[in-house]
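Take a look at the letters that make up each chain.
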Amino acid sequence: MKILSMKTTIFLGAMLSLLVCLMFTGCSNSETNSTSRGLTDFAHIEEEYLATIDSLNWPDGITLPDKLEDEDTGASFQVGYGETRASYLWEYSWMKEWLDTYNTDPERAQKALEELEKAFDMPYMGIDRCDDATRNYLRENIDKAKLGDPSGFTESIRANYAN
């Protein structure tokens, strides 16, 4: 009987180890719990959206929605989607607040920047929902605004929120 070469033995060992790892990965518990991000229905997402709106600070005088609009009510959504949608509305509102006040009301403009700084600790900016480029883009735009440059917020609103 021919003995396997050392390279073949190492290769087969690595492949067997990979197979065992894949087997255990495939057997993990896939049930959705309160910390997982499984799928849910529109009613849950709308409830999540409205609860998040209620929990966030908003600029003075803003009229907040009383329902989640522009979604397919029969679709499935990832848990956290409603919170993320509300957080993007929050982000937009504070960018708009800064743009509306940076030349006329420095205190309100400063408050807007302080609120936007909180975004980096919010779930919608977490590594499971947002990439580094998006976080960096917001950081750069806040830094521009701190220097009195509206171009970052203007560009972001135009690209992401204009209808």
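Residues numbered from 1 in each chain as written. Predicted model: local features only at pLDDT ≥ 70, side-chain atom pairs only at ≥ 80, totals over all residues. Heavy atoms only, no water.

Engineer: I keep staring at the pattern of salt bridges and nothing clicks. Help me out?
Structural biologist: A side chain of one charge can pair with a side chain of the opposite charge if their charged atoms are brought near each other. Per the counting criterion, the structure on display carries 10 salt bridges. A salt bridge links Glu71 to Arg85, with the shortest nitrogen-to-oxygen separation between them at 2.4 Å. With Glu71 in the loop between helix H2 (42–55) and strand E2 (77–78) and Arg85 in helix H3 (residues 81–101), this residue pair connects regions lying 14 residues apart in the sequence. Using a relative accessible area of 22% as the deciding quantity, one classes Glu71 as partly exposed. Note that Asp100 and Lys96 form a salt bridge whose closest N and O atoms lie 3.1 Å from each other. (Salt bridge = Lys/Arg side-chain N within 4 Å of Asp/Glu carboxyl O. Helix = DSSP H or I, 4+ residues; strand = E, 2+ residues; numbered from the N terminus. Buried < 20%, exposed > 50% of the residue type's maximum accessible area, 1.4 Å probe, protein only.)

Engineer: Explanation requested: helix H5 (residues 132–146) in the structure shown.
Structural biologist: Structural remark: α-helix, 3.6 residues per turn; residues separated by three or four positions point the same way. Given a rise of 1.5 Å per residue, 15 residues ought to cover 21 Å, and the 21 Å separating the end C-alpha atoms of H5 matches this to within 8%. Looking at the packing, one finds that the buried side of H5 touches H3, helix H4 (106–117) and helix H6 (151–160). (Expected span 1.5 Å × (residues − 1). Contact = heavy atoms within 4.5 Å.)

Engineer: What is the right way to look at unusual backbone geometry in this model?
Structural biologist: A negative phi angle is the norm for most residues apart from glycine, just as the trans form is the norm for most peptide bonds. Even without a glycine there, the phi angle at Asp70 is positive, about 65°. Structurally, Asp70 can be placed in the loop between H2 and E2.

Engineer: Mind showing me how you'd approach the packing of H3 against H6 here?
Structural biologist: Relative orientation and spacing of two packed helices are given, respectively, by the angle between their axes and the distance between those axes. At a minimum axis separation of 10 Å, H3 and H6 run at an interaxial angle of 135°. Considering the angle they form, H3 stands oblique to H6. With respect to the hand of their crossing, H3 and H6 are arranged in left-handed fashion. On H6, the residues that touch Tyr92, Met95, Lys96, Trp98 and Leu99 of H3 are Phe153, Thr154, Ser156 and Ile157. Tallied by class, residues from the contact of H3 with H6 come to 6 nonpolar, 2 polar and 1 charged. (Axes fitted to C-alpha atoms, helices over the stretch in contact; angles between N-to-C directions. Parallel < 35°, antiparallel > 145°, perpendicular 65-115°, else oblique. Left-handed = near helix turned anticlockwise from the far one by under 90°. Nonpolar A, V, L, I, M, F, W, Y, C, P; charged D, E, K, R; others polar.)

Engineer: It is not clear to me how the side chain of Glu91 should be interpreted in this structure. Could you clarify?
Structural biologist: In this fold, Glu91 is placed in helix H3. An unpaired buried charge is present at Glu91: no salt bridge exists, and Arg135, the closest side chain of opposite charge, is 11 Å distant. Of note is the side chain of Glu91, whose polar atom sits 2.6 Å from the side chain of Tyr124. Engagement of the side chain of Glu91 in a polar contact is seen with the side chain of Tyr161, the distance being 3.2 Å. If we skip the residues at most four places from it in the chain, Glu91 touches Leu116, Tyr124, Met125, Leu138 and Tyr161. (Lys, Arg positive; Asp, Glu negative; His and termini not counted. Polar contact = N/O pair within 3.5 Å; in protein donor to acceptor, adjacent residues only side chain to side chain.)

Engineer: Explanation requested: H6 in the structure shown.
Structural biologist: Within H6 the residues assigned to the buried category are Gly152, Phe153, Ser156 and Ile157. All buried residues of H6 fall inside an arc of 125° around its axis, so they share one side. Every exposed residue of H6 that faces more than 90 degrees away from the buried side is listed here: Arg158 and Ala159. Of the surrounding elements, those touching the buried residues of H6 are H3, H4 and H5. (Arc of directions from axis to C-beta.)

Engineer: Explanation requested: the confidence of the model for the chain in the structure shown.
Structural biologist: Should the pLDDT be low somewhere, the predicted coordinates at that spot are not to be read in detail. Summarising the model, the chain shows a mean pLDDT of 85, and 77% of its residues fall at 70 or more. Per-residue pLDDT stays below 50 along residues 11–16; that stretch engages in 1 contact with residues further than four places along the chain or on separate chains. Between residues 18–35, whose pLDDT stays under 50, and residues either more than four places distant or in other chains, the model counts 2 contacts. (pLDDT = per-residue confidence, 0-100.)

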